[in-house]
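Structural description and commentary
Next come the chains, spelled out residue by residue.
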Number of protein chains: 2
Amino acid sequence: MVKNYIIGIDLGATNIKIGLIRKRRIVLRAVVPTATFGIKENLIAGLSNAASGLFLEADITKNNVAGIGIGVPGPVDFSRGVVHFFPNIKGWCNVALKSIMQKKTHLPVVIDNDANLMSLAETRIGAAIGLKNVIGITLGTGVGGGIIINGELYRGSSFCAGEAGHIPLNEAGPKCNCGGRACIERYVGNRYILRNVRKTFGKGINLEALSRLAHQGNAKAIGIWNGVACHLGVGLSGIINFLNPDAVVIGGGVSNAGKFIFDKAREVIKERSMPTQAKTVKILKAKLGNDAGMIGAALLVEETLVKNEK
Amino acid sequence: MVKNYIIGIDLGATNIKIGLIRKRRIVLRAVVPTATFGIKENLIAGLSNAASGLFLEADITKNNVAGIGIGVPGPVDFSRGVVHFFPNIKGWCNVALKSIMQKKTHLPVVIDNDANLMSLAETRIGAAIGLKNVIGITLGTGVGGGIIINGELYRGSSFCAGEAGHIPLNEAGPKCNCGGRACIERYVGNRYILRNVRKTFGKGINLEALSRLAHQGNAKAIGIWNGVACHLGVGLSGIINFLNPDAVVIGGGVSNAGKFIFDKAREVIKERSMPTQAKTVKILKAKLGNDAGMIGAALLVEETLVKNEK
């Protein structure tokens, strides 16, 4: 039986996206709001049912599927497939998601952090295609990161590497959710941008509207994006000096502010990074958008499960 | 002919150390003040002559030598063996040191950055022996670093990786020699510690004396070392969150302040780093001291030249 298909799941705090993937392309997909499921057990059952639904719709069986890849919004023990916890979904603490899903689906399962999978996807078939050393950054409620070294995901000694959002930007500064202080996330995470928006405009405006205002020339909106880009640029200049990568790929909602983020961040990086590192690195906008998680999860299956079989 | 020996050279801004190495041990050595040689051409001739002198003393010929490894205090194109420049030795700009030395000695030559070689040496036979993911930090006039990933030196996309001293500690701050601002080196490099010493004591005291004063309980001296350790701890916490290493090995003169550096830095790292990363990482004092450069250079020969021959 030819196992042509892979299931790629992007388990997000807001939506769960499930894709049936063939030759690195999503041929069928389902999206379900995460809150629909309530407790963890229902959510896990929901993942399995949604996968079965896609098999039925595509008129295939699990015998046509090489495996299931799952990207999750939090730290994971990659080797054992255990979720440590999710900063933004309650009720998950040391969940053996891999073995539970394997029992439910009778398919091999691999699990990794979502920012790792975004970085993998962007390096294999996205903005950084073919590059060897790549840092992926996801800008959202949290600021995540993934590290590709010599073309392979680098996960660190306890599978927690890549936390670019938790490099301190200043020695002193506001407390961060991670337990530290003055971390990059504390300056460019969505909630802090939105807090700044309310202070500046005297009311709440969402980030899409803030981007539109900036594109229309609104000075206050441009000022906020410039501030975000400056913080990000200084943070990235340290990463760039230290890791000397080919590229930094920036994705996530905030990256849609486009030139207001990228032009200014590039300017700061050029100013603050060491000459050789600054000359080498490309600052790229992620290409795969909301599909990066699903595609990355499928690539993980391809590169771990399928490769190991050979 | 059995090539049992390797020449390991540590080309420093103050001293040049040349070791004849057998089975990873220095069996003979020579030390010459760098200033002795004056211009670059004399220095290169001096390296070659010193190597010949060791052959004579050990009663061997170049046929017994597998190659020459050279650690240098600045950025290097590792693959071509070209020195870009030395921040603290004048007159070196794009010098093809590897090919010049090969012509002079008729031996294979490899060249790398000194902090890379310290990190390699400490991981192979020093403080971090057997660990997979290790960051080496050298504290001196400059603050250098090296990165070991999965047991191998990671050099980055243009051989400049590891510049731990040039991660910004703050968004705003004093200009750094590297062109950036508020880099770690700008707070814990020797000259800035000494500047702080003059301000605090009203006179110049060298760092050895400052360590002695601290060990004798002098509050001002302890305060200065505590400050250094706090800066270093915050900087390292970012590196640790991002790379999730097994260990950080700290070497160089300042590391001799011992507990005044290590205890406080560990405390700050525990406070500022993410729990899993903080639990995983060991903060270690380098073991090989002044020999790390020579030994690392010899290991480089062993792992690149000798390995490639097989």
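The rules behind these values
Residues numbered from 1 in each chain as written. Chains lettered and ligands numbered in written order. Predicted model: local features only at pLDDT ≥ 70, side-chain atom pairs only at ≥ 80, totals over all residues. Helix = DSSP H or I, 4+ residues; strand = E, 2+ residues; numbered from the N terminus. Rg over C-alpha atoms; globule rule 2.2 N^0.38 Å. Buried ≥ 20, exposed ≤ 12 C-beta atoms within 10 Å, placed from the backbone. Contact = placed C-beta atoms within 7 Å. Domains from an automatic or database assignment. Nonpolar A, V, L, I, M, F, W, Y, C, P; charged D, E, K, R; others polar. Arc of directions from axis to C-beta. Pairing = 2+ DSSP bridges. Axes fitted to C-alpha atoms, helices over the stretch in contact; angles between N-to-C directions. Least-squares fit on C-alpha atoms with pLDDT ≥ 70 in both. pLDDT = per-residue confidence, 0-100.

**Observations regarding the overall build of chain A**
The secondary structure content of chain A amounts to ten helices and 13 strands. In terms of C-alpha radius of gyration, chain A reaches 20 Å, essentially the compact-globule figure of 19 Å for 310 residues. The C-alpha extent of chain A, read off along each of the three principal axes, is 55 × 45 × 35 Å. For chain A, buried positions account for 53% of its 310 residues. Put simply, of all contacts in chain A between residues at least 6 apart along the chain, 64% involve residues at least 24 apart.

**Concerning the domain arrangement of chain A**
Residue and element names in this part refer to chain A. Under the domain assignment, chain A is made up of domain 1 (5–113 + 290–309) and domain 2 (127–286). A C-alpha centroid distance of 27 Å is found between domain 1 and domain 2. Listed as interface residues are seven residues of domain 1 and, on the opposing side, eight residues of domain 2. Residue composition of the side of domain 1 that touches domain 2, grouped by class: five nonpolar, one polar and one charged.

**Details of the interface of chain B and chain A**
Facing the 39 residues of chain B at the interface are 39 residues of chain A. Elements with a minimum of two residues in the side of chain B that touches chain A: α7 (219–243) and α9 (275–280) of chain B. Ranked by residue count, the leading element in the side of chain B that touches chain A is α7 of chain B, at six residues. Here the side of chain B that touches chain A is built from residues that sort into 16 nonpolar, 17 polar and six charged.

**Topic: helix α2 (residues 97–105) of chain B**
All names here are of chain B. The complete set of buried residues in α2 reads L97, K98, M101 and T105. Along the axis of α2, the buried residues cluster in a sector spanning 95°; they form a single face. Taken together, the buried residues of α2 touch α1 (40–58), β4 (65–72), β6 (82–85), β7 (93–95) and β8 (109–113). Phi turns positive one or two residues past the end of α2, at H106, with a value near 55°.

**Quick look at the environment of I148 of chain A**
All names here are of chain A. Positionally, I148 belongs in strand β10 (residues 143–149). Along the backbone, I148 and K132 are 16 residues apart, and their C-alpha atoms lie at a distance of 7.1 Å. Sequence-distant contacts of I148, defined by excluding residues within four places in its chain, comprise S119, L120, T123, N133, V134, L153 and Y154.

**Observations concerning the sheet that holds strand β1 (residues 5–11) of chain A**
All names here are of chain A. Within the open sheet, the five strands sit side by side as β3-β2-β1-β4-β8. Their pairing is mixed. The open sheet is flanked by β3 (25–33) and β8 (109–113), the only strands paired with a single partner. The sheet shows a mean angle of 15° between the axes of neighbouring strands, direction not considered. As defined by bridge partners, strand β2 (residues 15–22) adjoins β3 across eight bridges and the pair is classed as antiparallel. When the bridges of β3 are listed, I21 appears paired with I26. Seen against the sheet, helix α1 (residues 40–58) touches β1, β2, β3 and β4 (65–72) and runs at an angle of roughly 140° to β3.

**Some thoughts on the pairing of β1 of chain A**
Residue and element names in this part refer to chain A. Of all the seven residues making up β1, seven are buried; the element is thus mostly covered by neighbouring parts of the structure. Note that β1 and β4 share six bridges and pair parallel. For I9, the partnering residue across the bridge sits in β4 and is I70.

**Focus: the relation of the copies chain B and chain A**
Once chain B has been moved 0.0 Å along the axis and rotated by 180°, it coincides with chain A to within an RMSD of 0.0 Å. This pairing of chains is accounted for by a two-fold axis. When C-alpha positions in chain B are compared against the rotation axis, the closest is assigned to N170 of chain B, at 2.1 Å. Interface overlap between copies: 100% of the residues of chain B at the interface are likewise at the interface in chain A, consistent with a symmetric, same-surface contact.

**Here's the deal with the confidence of the model for chain A**
The predicted model of chain A has a mean per-residue pLDDT of 94, with 99% of residues at 70 or higher. For this predicted complex, the interface confidence score (ipTM) comes to 0.95, while the overall pTM stands at 0.95.

**Details of helix α6 (residues 207–215) of chain A**
Every α-helix winds through 3.6 residues per turn, so residues three or four apart in the chain are directed the same way. Residues and elements named next belong to chain A. Within the span of α6, buried status applies to L207, L210 and A214. Mapping the buried residues of α6 onto a view down its axis gives an arc of 55°, with all of them on the same face. G217 sits one or two positions beyond α6 and adopts a positive phi of about 95°.

**Topic: the sheet that holds β6 of chain B**
Residue and element names in this part refer to chain B. Strand order in the open sheet formed by three strands is β5-β6-β7, with antiparallel pairing between adjacent strands. Since the sheet does not close on itself, it has two edges, and those belong to β5 (76–77) and β7, each with one partner. Pairing analysis gives two bridges linking β5 to β6, with the strands arranged antiparallel. Paired with D77 across the two strands is V82, which belongs to β6.

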